[in-house]
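Observations on the model geometry
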Amino acid sequence: MERRRQQATARDGRTLAFAEWGDPEGFPVFSLHGTPTSRLWRHPDEGRYADAGVRVITYDRPGYGGSDRHRGRRVVDCAADVEAIADHLGLDRFAVTGRSGGGPHSLAVAARLPERVVRAESVVGIAPFDAAGLDWFEGMDANNVRETSWALAGEEVAARELEREAAELLARIEAEASAVLGDDWELAPVDRAALARPELAGVIREAFGEAFRNGAWGWVDDDLAFVSGWGFDVAEIRVPTRIVYGAEDALVPAGHGEWLARHVPGAELVVERELGHFADPAAVVEQFRRLAQPA
């Protein structure tokens, strides 16, 4: 249990809550959670990480779970927090991946810690809100468009609406874990099937319950950061980077992945033709196995 409830201190004195999964002697991979969830989001069978020889490190972004809020944070600020955790653990080199809302943060770490990051991934991650030549909302589910409008309206509106959304989400998953997203979301059938996997129910309840134990501020600050300047340019990235998106994804449309692949220098683009936003657990294990290959 203690590996799931660890703490490090950020440069400015904030508490950062983090967890470790898999092989303690394995190659370290930081896995940056989506929006919203917490450090407790992971593969339902931790042993699969160990079998792959991976030491997975997850952490609560500021405002989620056990991490202190960092009001006004930008996406780029994630790099300093990851560095603080790596220093706390004595890690010189590591890989980093981020899914969905974790994608931009993974790219920030790759951009700002090139001497420590051996490889990076953004999986179904969004592009910058001000991305030139991208219609940011094209193909996006109306609920995600609405959520973005709250962030554009400012902190007061976003906080009010997302506190309500968080309460409704927790009530839904208490009744049925797969109901993270309500029936009004236009998810691909493959995504509904992924969320309905029985082995995922406990992870869903635990990870989201932890995410909101101190309110919805992590979610609020993620969304505000996404529609503001990220604080870095993806063109800065010089480490090997994969951009992965699902062709059936209605939450983060394919255009975001295509834009990132064009603008991250040397990026490898992977298009999952039959996948949406949520991953097949078996594919996740192979993803981490690949990330864990030493430089």
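Criteria and cut-off values
- Residues numbered from 1 in each chain as written.
- Predicted model: local features only at pLDDT ≥ 70, side-chain atom pairs only at ≥ 80, totals over all residues.
- Heavy atoms only, no water.
- Axes fitted to C-alpha atoms, helices over the stretch in contact; angles between N-to-C directions.
- Helix = DSSP H or I, 4+ residues; strand = E, 2+ residues; numbered from the N terminus.
- Parallel < 35°, antiparallel > 145°, perpendicular 65-115°, else oblique.
- Left-handed = near helix turned anticlockwise from the far one by under 90°.
- Contact = heavy atoms within 4.5 Å.
- Nonpolar A, V, L, I, M, F, W, Y, C, P; charged D, E, K, R; others polar.
- Phe/Tyr/Trp six-rings, centres within 6.5 Å; stacked < 30°, edge-to-face > 60°.
- Buried < 20%, exposed > 50% of the residue type's maximum accessible area, 1.4 Å probe, protein only.
- Pairing = 2+ DSSP bridges.
- Right-handed = clockwise from strand over helix to strand, strands pointing away.

**Considering the packing of helix 5 (residues 155-175) against helix 7 (residues 201-211)**
- It is at 10 Å that the axes of helix 5 and helix 7 come closest, and there the two elements cross at 160°. Classified by the angle their axes make, helix 5 and helix 7 are roughly antiparallel. The element helix 5 and its partner helix 7 pack so that their crossing is left-handed. Seen from helix 5, the contacting residues are Leu 169, Leu 170, Ile 173, Glu 174 and Ala 175; seen from helix 7, they are Ile 204, Arg 205, Phe 208 and Gly 209.
- When its residues are assigned to classes, the contact of helix 5 with helix 7 shows six nonpolar, one polar and two charged.

**Observations regarding the packing of aromatic side chains**
- One pass over the structure, following the stated rule, counts eight aromatic pairs.
- Plain terms: the ring middles of Trp 41 and Phe 208 are 6.1 Å apart, the flat faces sit at 75° to each other, and that makes the pair edge-to-face. Taken together, the positions of Trp 41 in the loop between strand 3 (27-32) and helix 1 (47-51) and Phe 208 in helix 7 put the pair 167 residues apart, joining distant regions of the chain.
- Trp 41 gets classed as partly exposed once you look at its relative accessible area, which sits at 26%.
- Site record: aromatic cluster; members linked through ring pairs are Phe 129, Trp 136 and Phe 137.

**A word on the environment of Pro 265**
- Within the element layout of this structure, Pro 265 appears in the loop between helix 9 (254-263) and strand 8 (268-272).
- Taking the C-alpha atoms as reference, Pro 265 lies 6.0 Å from Ala 235; in sequence the two are 30 residues apart.

**A short note on the pairing of strand 5 (residues 94-99)**
- Across the six residues that make up strand 5, a large majority, five, are buried.
- Bridge count between strand 3 and strand 5: four bridges; the pairing is parallel. Opposite Leu 32, over in strand 5, you have Gly 98 as the bridge partner.
- As paired elements, strand 5 and strand 6 (residues 117-123) share five bridges and run parallel to each other. The residue bridging Phe 94 from the neighbouring strand is Val 117, located in strand 6.
- Handedness of the strand 5-helix 3 (residues 102-112)-strand 6 crossover: right-handed.

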